[in-house]
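Residue-level structure breakdown
Residue-level listing of the chains:
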Amino acid sequence: MDMRRLLRPLALVTAASLALAFIALIGERRVNAVPPPQTLLPDYAAALAGAQKLEVTHGMGISGTRGLVVSRGPNGWTLDERWGYPANDELVNETLLALADLKAVEARTAKADWHRALGLGVPENLGAAVRFRVTDEEGAEMASLLLGKEQQSETEAKQKVQNYGPELRQFYVRRADSDQSWLARGRLPRNPEPAAWIDPSLPRHAPEKLQHVGFGKATDKGAAKFKFIRVGESWSLSGAQNWLDRFAALRPDDVARADGINFDTARPFTLTYADGLSITYENVGAATVIWSRMRARAAADAGADVKALAAAMNARFDGWAVRFAAERSPILLPAKTDLTQ
């Protein structure tokens, strides 16, 4: 047998394989052979102090989009879609800083047809990406970034962690003006709910000064009117401390203008403090939510600092109603049995 006849086809197959491998390598260079930049948004990072507005748009697929806009005002960040209600300054500032500090780990596809697989489809086109857009005082765009899927193992995928603030993650991103995508590492929030972005603070005072909590209007009779008072280091009702702990942990889910909510049937409670400050929460329950409006008062003989504190609380919360889930009813609309068990 002539071995040269066998070697010739093998040589041709080998050469064809090498040629195909070379063509494939050349074809893939645009996908993932781009060197990653040190910082993904270097121009934005250099001008971060000029950020005036942050727009976050969540792609919800066939459900459309969900967005929010926060603007910088004289007293901090406010939510445009919530009539200028104060935003969660900590989360907004952390988001702006996270965009500036975003690092590209390695390149991914630059083919637009592959973006959806990475969760980088444009929100307005049935995509699932989250767009972060930052503009300056003149409205000029400083940054526009699309956030896609997280890169995670199967074990990590099964771990469900609820967190209002952002965590350090690796995820797919691309600049809105470029098809090149990247695997990036950084901190960007994904929570589309208003509760994550509104100011979580509520009118409260030093707990060690609290002396008395009364439930119900002065004209209420029977079970609707009750109270607990401080007795030394404890309270007159056994469940009072548990109620106070749960009350201290409250944070609102949403906000509205108070004149849009009917408070005629509201049930109030009033916290009275040793220095003459009192804070009243009026609460009205609907089918699935509870709305509250708040008012502070200073006693006539209270000090100037207490009167100033009451005025500051009212300036901050007057005209607003905050929303809570109906499951907060034992805190905002309690029966006396809720504080005696």
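Nothing here was measured: the structure is a model prediction, and the numbers come from that model.

1. Digging into the packing of aromatic side chains
- Tallying each qualifying case throughout the model produces twelve aromatic pairs.
- Seen in terms of ring centroids, Phe247 and Phe269 are 5.8 Å apart; in terms of plane orientation they differ by 85°. Their pairing is edge-to-face. Here Phe247 is found in helix α6 (residues 240-248), whereas its partner Phe269 is found in strand β14 (residues 267-273), with 22 residues between them in sequence.
- The exposure class of Phe247 is buried, given its relative accessible area of 4%.
- Ring pairing ties together the aromatic residues Phe215, Phe226, Phe228, Trp235, Trp243, Phe247, Phe269 and Tyr281, which thus form one cluster.
- Sitting over the face of the ring of Phe247, Arg204 holds its NZ or CZ atom 5.1 Å from the ring centroid.
- Positioned above the aromatic ring of Trp320, the side-chain terminus of Arg257 is 4.4 Å from the ring centre.

2. Some details on the pattern of salt bridges
- Within this structure, the stated rule accounts for 17 salt bridges.
- Between Arg328 and Glu327 there is a salt bridge, and its shortest N-O distance comes to 2.8 Å.
- When its relative accessible area of 57% is taken as the criterion, Glu327 is described as exposed.
- Salt bridges here are not isolated pairs; linked through shared partners, they connect Glu55, Arg133 and Glu141.

3. Some points on the environment of Leu210
- Position of Leu210 among the secondary structure elements: in strand β10 (residues 210-215).
- In sequence terms Leu210 and Leu277 are 67 residues apart; their C-alpha atoms lie 9.3 Å from each other.
- Setting aside its immediate chain neighbours within four residues, Leu210 contacts Arg230, Trp235, Leu244, Leu271, Thr272 and Tyr273.

4. Some thoughts on the sheet that holds β10
- The antiparallel open sheet is built from eight strands, whose spatial order is β12-β11-β10-β14-β15-β16-β17-β13. Across the chains shown, the open sheet's two edge strands, defined by having one partner strand only, are β12 (234-235) and β13 (254-257).
- Two strands pair when backbone bridges link them, and strand β15 (residues 277-285) and strand β16 (residues 289-298) are joined in this way by nine bridges, in the antiparallel orientation. Counterpart to Val284 in the pairing with β16 is Trp291.
- The sheet strands contacting helix α7 (residues 304-317) are β15, β16 and β17 (320-325), and the helix crosses β16 at an angle near 150°.

Definitions and limits used
Residues numbered from 1 in each chain as written. Predicted model: local features only at pLDDT ≥ 70, side-chain atom pairs only at ≥ 80, totals over all residues. Heavy atoms only, no water. Phe/Tyr/Trp six-rings, centres within 6.5 Å; stacked < 30°, edge-to-face > 60°. Helix = DSSP H or I, 4+ residues; strand = E, 2+ residues; numbered from the N terminus. Buried < 20%, exposed > 50% of the residue type's maximum accessible area, 1.4 Å probe, protein only. Lys NZ or Arg CZ within 6 Å of the ring centre and 35° of its normal. Salt bridge = Lys/Arg side-chain N within 4 Å of Asp/Glu carboxyl O. Contact = heavy atoms within 4.5 Å. Pairing = 2+ DSSP bridges. Axes fitted to C-alpha atoms, helices over the stretch in contact; angles between N-to-C directions.

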